[in-house]
Amino acid sequence: MRNTFAPMEGITIYCYRNTHHKYFGEGLDYYYTPFLSVYKHHSIKKRDMREILPENNADNGLRIIPQIMANDSDEIIWALNYLHERGYDEINLNMGCPVGTVVSKNKGSGMLSDPDRLYEIFSRVFEDKITNEIKFTAKTRLGLTDPHEFENILPVLNKFPFAAVIIHPRVRTQMYKGTPDMEMFKWAYDNSTNPVGYNGNIFVPQDYDNIINNYPDLYEIMMGRGLVANPALAREIIGGKEMSLDELKGFMTDLEKNFKIEIPADESIMHKMKEIWFYVGNLLVTKDGAESEPLIHKIRTAKNIAEYRNAVRNVYRECAMKGHDNKTS
Ligand SMILES: Cc1cc2nc3c(=O)[nH]c(=O)nc-3n(C[C@H](O)[C@H](O)[C@H](O)COP(=O)(O)O)c2cc1C
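Residues numbered from 1 in each chain as written. Predicted model: local features only at pLDDT ≥ 70, side-chain atom pairs only at ≥ 80, totals over all residues. Heavy atoms only, no water.

Novice: It is not clear to me how the overall build of the protein should be interpreted in this structure. Could you clarify?
Specialist: When its secondary structure is counted, the protein shows 15 helices and eleven strands. For 329 residues, the compact-globule formula gives about 20 Å, and the C-alpha radius of gyration of the protein, at 20 Å, lands near that figure. Overall, the protein is about 60 × 40 × 35 Å in size when its C-alpha atoms are taken along their principal axes. Each of the 329 residues in the protein was classed as buried or not, and the buried ones make up 56%. Counting contacts in the protein only where the partners sit at least 6 residues apart, residues at least 24 apart contribute 72% of the total. When the accessible area of the protein is evaluated, it comes to approximately 14,700 Å², of which 49% is carbon and sulfur surface. Placing the 40 positive and 45 negative side-chain charges of the protein at their respective mean positions leaves the two points 6 Å apart. (Helix = DSSP H or I, 4+ residues; strand = E, 2+ residues; numbered from the N terminus. Rg over C-alpha atoms; globule rule 2.2 N^0.38 Å. Buried < 20%, exposed > 50% of the residue type's maximum accessible area, 1.4 Å probe, protein only. Contact = heavy atoms within 4.5 Å. Areas by Shrake-Rupley, 256 points an atom, 1.4 Å probe, with all protein chains shown as cover. Lys, Arg positive; Asp, Glu negative; His and termini not counted. Charge placed at Lys NZ, Arg CZ, Asp CG, Glu CD.)

Novice: What should I look at first to understand the domain arrangement of the protein in this one?
Specialist: When the parts of a complex come together, some accessible area is lost, and that lost area is often used as the size of the interface. Domain annotation for the protein reports domain 1 (2–237) and domain 2 (245–326). On a C-alpha basis, the centroid separation for the pair domain 1 and domain 2 is 29 Å. The interface of domain 1 with domain 2 comprises 22 residues on the first partner and 16 residues on the second. Summed over both sides, the interface between domain 1 and domain 2 buries roughly 1,700 Å², with carbon and sulfur atoms accounting for 64% of that surface. The interface formed by domain 1 and domain 2 contains three salt bridges. For Arg 50, the salt bridge identified is with Glu 262, shortest N-O distance 2.7 Å. Where domain 1 touches domain 2, the interface holds eight residue pairs in polar contact (both at pLDDT 80 or more). Every element with two or more residues in the side of domain 1 that touches domain 2 is listed here: helix H1 (14–24), helix H10 (225–229) and helix H11 (233–237). Among the elements that take part in the side of domain 1 that touches domain 2, H1 stands out by supplying eight residues, more than any other. The residue inventory of the side of domain 1 that touches domain 2, partitioned by class, reads twelve nonpolar, four polar and six charged. (Domains from an automatic or database assignment. Buried area = accessible area lost by both parts, 1.4 Å probe. Salt bridge = Lys/Arg side-chain N within 4 Å of Asp/Glu carboxyl O. Polar contact = N/O pair within 3.5 Å; in protein donor to acceptor, adjacent residues only side chain to side chain. Nonpolar A, V, L, I, M, F, W, Y, C, P; charged D, E, K, R; others polar.)

Novice: Any chance you could explain helix H13 (residues 266–280) here in plain terms?
Specialist: Note on helix geometry: an α-helix contains 3.6 residues per turn, so any two residues three or four positions apart are oriented the same way. Taking 1.5 Å of rise per residue, 15 residues should cover 21 Å, and H13 covers 21 Å from first to last C-alpha, within 8% of that figure. Of all the residues in H13, the buried ones are Ile 269, Met 270, Lys 272, Met 273, Lys 274, Ile 276, Trp 277, Tyr 279 and Val 280. Close packing links the buried residues of H13 with H1, H10, helix H12 (245–262), strand E10 (284–286), helix H14 (293–300) and helix H15 (305–318). (Expected span 1.5 Å × (residues − 1).)

Novice: Is there a simple way to explain the pattern of salt bridges in this structure?
Specialist: Pairing is possible between side chains of opposite charge, provided their charged atoms come close. Going through the model one piece at a time under the given rule, you end up with 14 salt bridges. A salt bridge links Glu 220 to Arg 2; the nearest nitrogen and oxygen atoms lie 2.7 Å apart. Residue Glu 220 is located in strand E9 (residues 220–223), and its partner Arg 2 is located in strand E1 (residues 2–5); the two are separated by 218 residues in the primary sequence. The pair Glu 220 / Arg 2 is uniform in exposure class, with both members buried. A salt bridge links Arg 124 to Asp 74, with the nearest nitrogen and oxygen atoms 3.1 Å apart. Taken together, the residues span a long stretch of sequence, with Arg 124 in helix H5 (residues 115–127) and Asp 74 in helix H3 (residues 73–85) at a distance of 50 residues. Taking the relative accessible area as the measure of exposure, Arg 124 reaches 44% and is therefore partly exposed. The class for Asp 74 is partly exposed, based on a relative accessible area of 37%. In the salt-bridge network here, residues are joined through shared partners; they are Arg 2, Glu 90 and Glu 220.

Novice: What am I meant to see in the site of the ligand here?
Specialist: Around the ligand, 18 residues are found, and the nearest of them are Pro 7, Glu 9, Asn 199, Asn 201 and Arg 225. With respect to the ligand, the backbone of Glu 9 contributes an N or O atom lying 2.7 Å from a nitrogen atom. Taking Phe 35, its main chain carries an N or O atom lying 3.2 Å from an oxygen atom of the ligand. When the ligand sits alone it has 610 Å² of accessible area, and the protein chains cover 91% of it. Grouping the constituent residues of the shell around the ligand by class yields eight nonpolar, seven polar and three charged. (Near = heavy atom within 4 Å.)

Novice: Help me understand the nonpolar core in this model?
Specialist: One recurring pattern in soluble globular proteins is that nonpolar side chains are buried together. Membership of the largest hydrophobic core comes to 99 residues, with the highest contact counts inside it found for Phe 122, Phe 136, Met 252, Phe 259 and Trp 277. Residue contacts for Met 252: discarding those within four places in its chain leaves Met 273, Ile 276, Trp 277, Val 280 and Tyr 316. Grouped together as the second largest cluster of nonpolar side chains are six residues, Tyr 30, Tyr 32, Ile 65 and Ile 166 included. (Core = buried A, V, L, I, M, F, W, Y, C linked by side-chain atoms within 4.5 Å.)

Structure follows, in structure tokens:
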């Protein structure tokens, strides 16, 4: 069973992945790229290309799985070949993105609306010899509005030899809210002919243990927000130590430096860092045991770099790491 860092558009870009791997790679086997948009005329968006360039992924031992977003068999086959030629031997298809502009083009979770069309797409893709040369996996939700839609989707996926089907057991309308539907997940786990991966709401090691105890034959556990909120989560899961404040400082400082490679404007980097603070702020309490939220709020509402730096300095000065027992899932 392997542990992976989920694709997260705007967050797990290469700068983030490299920094994360340097500090907290322990316990993680692979990092997914955020989805790469594949265009009809056979190209990948220029900005997305930077996610897969070897020089941006050169960190020792870092293993990457590119994720593509496409809903046409020719585009998918082209992208699989293109990425394979660039050294990638595993590629994932996004069948879960819930964003309106994606779904309206029948991409992401929009692909789930028509199982017959899904069958047509994969019939053509799996006829192509590239699928013998690489591992092709899918990341899917249960459906658009009703989890039982998966009863018509899984049989289609079962007709094809995916290297894995990673299931985020929510429907599109839930976005990232509500609890994963574990009843439907169990049905899928029992009935999938392909190896199954699980994704959703793993925030503390106990959440992870519950999943592997209930589903011991899983191929993969993919973690997203839990890892962004606690970058040392995978290390803790394999029995390693919790994060220290020094590690958090080192990680956040390096992250900011690495974002500079990709994002020229200081204001834009600040915006990105604020987004990360939104997640990691939960790891902290003030030294006298009070909520850190008012201090984190100052970071998130900083109007300029000077205010931002000041607010960050305050957090480092006033806060300590929360004890493990204080963390809630
Ligand atoms: C900000 C954000 C960006 C995301 N971007 C992607 C993406 O590019 N591709 C994808 O398949 N899922 C994407 N997801 C979904 C996550 O990969 C994951 O399925 C979801 O967050 C549930 O897992 P978690 O509870 O471990 O976070 C994104 C989620 C968030 C919150």
